[in-house]
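# Summary of structural features
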Amino acid sequence: MLIGVGNDIVDIDRIRAVLDRQGDRFIERILRPGERAYCERRHDFAAALARHYALKEAAVKALGTGFRYGVGWRDVGLERLAPGATRSKPRLTFEGGALRRVNAMLREGEAVVADWSLSDEPPYATAYVVLFATDRGTEPGPRAHSVAPS
Ligand SMILES: CC(C)(COP(=O)(O)OP(=O)(O)OC[C@H]1O[C@@H](n2cnc3c(N)ncnc32)[C@H](O)[C@@H]1OP(=O)(O)O)[C@@H](O)C(=O)NCCC(=O)NCCS
């Protein structure tokens, strides 16, 4: 059953300007260490950060909370395999306040399945996120990923 949907659009140049002003403080607030390492490997760090920013906003809209009720930027994010590992779609995972919110959205015996998509066409980056509740143990494989605390 569909339990949440969220989308977002971000102006990459606005993110670049905040990055120029705030630097590390901004990066630390928004990105998990693994996400930061990934963005640093991309040719345009600000654009990669903007895509993650859009994804995180889409995710908290799907949760229905926004960045309130104890849900922080780093509580939602993408987990990737180490560089060089088999290429597969990164998993959207929830921690802390976001994980508590996910669990509150589920009924007994259910698990969440989260899927997402990102795109950019400068100056904009967009993202959307969908959340499904499914019976625990029946989560589908590679196309949509069940959420594990990380
Ligand atoms: C939900 C949130 C992430 C959206 O932020 P945004 O990018 O500024 O706004 P967008 O234009 O993309 O989206 C706004 C729309 O999201 C929807 N929305 C608002 N709160 C929502 C929520 N809790 N859950 C789902 N959707 C929500 C509404 O439709 C809203 O449009 P409306 O005000 O015309 O009804 C943001 O409002 C939020 O969490 N704010 C609280 C914390 C905060 O202010 N943090 C600032 C960090 S820099």
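All of these numbers come straight from a predicted model, not from anything done at the bench.

### Some points on the pattern of salt bridges
- Using the criterion set out here, one finds 11 salt bridges in the structure.
- With its nearest N and O atoms 2.8 Å apart, the salt bridge here joins E35 to K56. Here E35, found in helix α3 (residues 33–41), pairs with K56, found in helix α4 (residues 45–63); they are 21 residues apart in sequence, far enough to count as distant. In terms of burial, E35 and K56 fall into one category: buried.
- Each of D24, E28, R36 and E40 takes part in salt bridges that share partners, so that together they form one network.

### Observations regarding the site of the ligand
- The local shell around the ligand consists of D8, R29, E57, V60, K61, G64, T65, G66, F67 and R68.
- With respect to the ligand, the side chain of E57 contributes an N or O atom lying 2.8 Å from an oxygen atom.
- G64 has a polar backbone atom sitting 3.1 Å from a nitrogen atom of the ligand.
- Burial of the ligand by the protein amounts to 42% of the accessible area it has alone, namely 940 Å².
- Among the residues making up the shell around the ligand, the classes are represented as 2 nonpolar, 3 polar and 5 charged.

### Digging into the packing of aromatic side chains
- Per the counting criterion, the structure on display carries 3 aromatic pairs.
- Ring centres of F26 and Y53 lie 6.3 Å apart, and the angle between their planes is 40 degrees; this geometry places the pair in the tilted category. Of this pair, F26 sits in helix α2 (residues 24–30) while Y53 sits in helix α4, and the two are 27 residues apart along the sequence. Here F26 and Y53 have matching classes, each one buried.
- A centroid spacing of 3.8 Å and a plane angle of 20 degrees characterise the contact between F67 and W73, whose relative ring orientation is stacked.
- With relative accessibility at 25%, the residue F67 sits in the partly exposed group.
- The class for W73 is buried, based on a relative accessible area of 11%.

Calculation criteria
Residues numbered from 1 in each chain as written. Predicted model: local features only at pLDDT ≥ 70, side-chain atom pairs only at ≥ 80, totals over all residues. Heavy atoms only, no water. Salt bridge = Lys/Arg side-chain N within 4 Å of Asp/Glu carboxyl O. Helix = DSSP H or I, 4+ residues; strand = E, 2+ residues; numbered from the N terminus. Buried < 20%, exposed > 50% of the residue type's maximum accessible area, 1.4 Å probe, protein only. Near = heavy atom within 4 Å. Polar contact = N/O pair within 3.5 Å; in protein donor to acceptor, adjacent residues only side chain to side chain. Areas by Shrake-Rupley, 256 points an atom, 1.4 Å probe, with all protein chains shown as cover. Nonpolar A, V, L, I, M, F, W, Y, C, P; charged D, E, K, R; others polar. Phe/Tyr/Trp six-rings, centres within 6.5 Å; stacked < 30°, edge-to-face > 60°.

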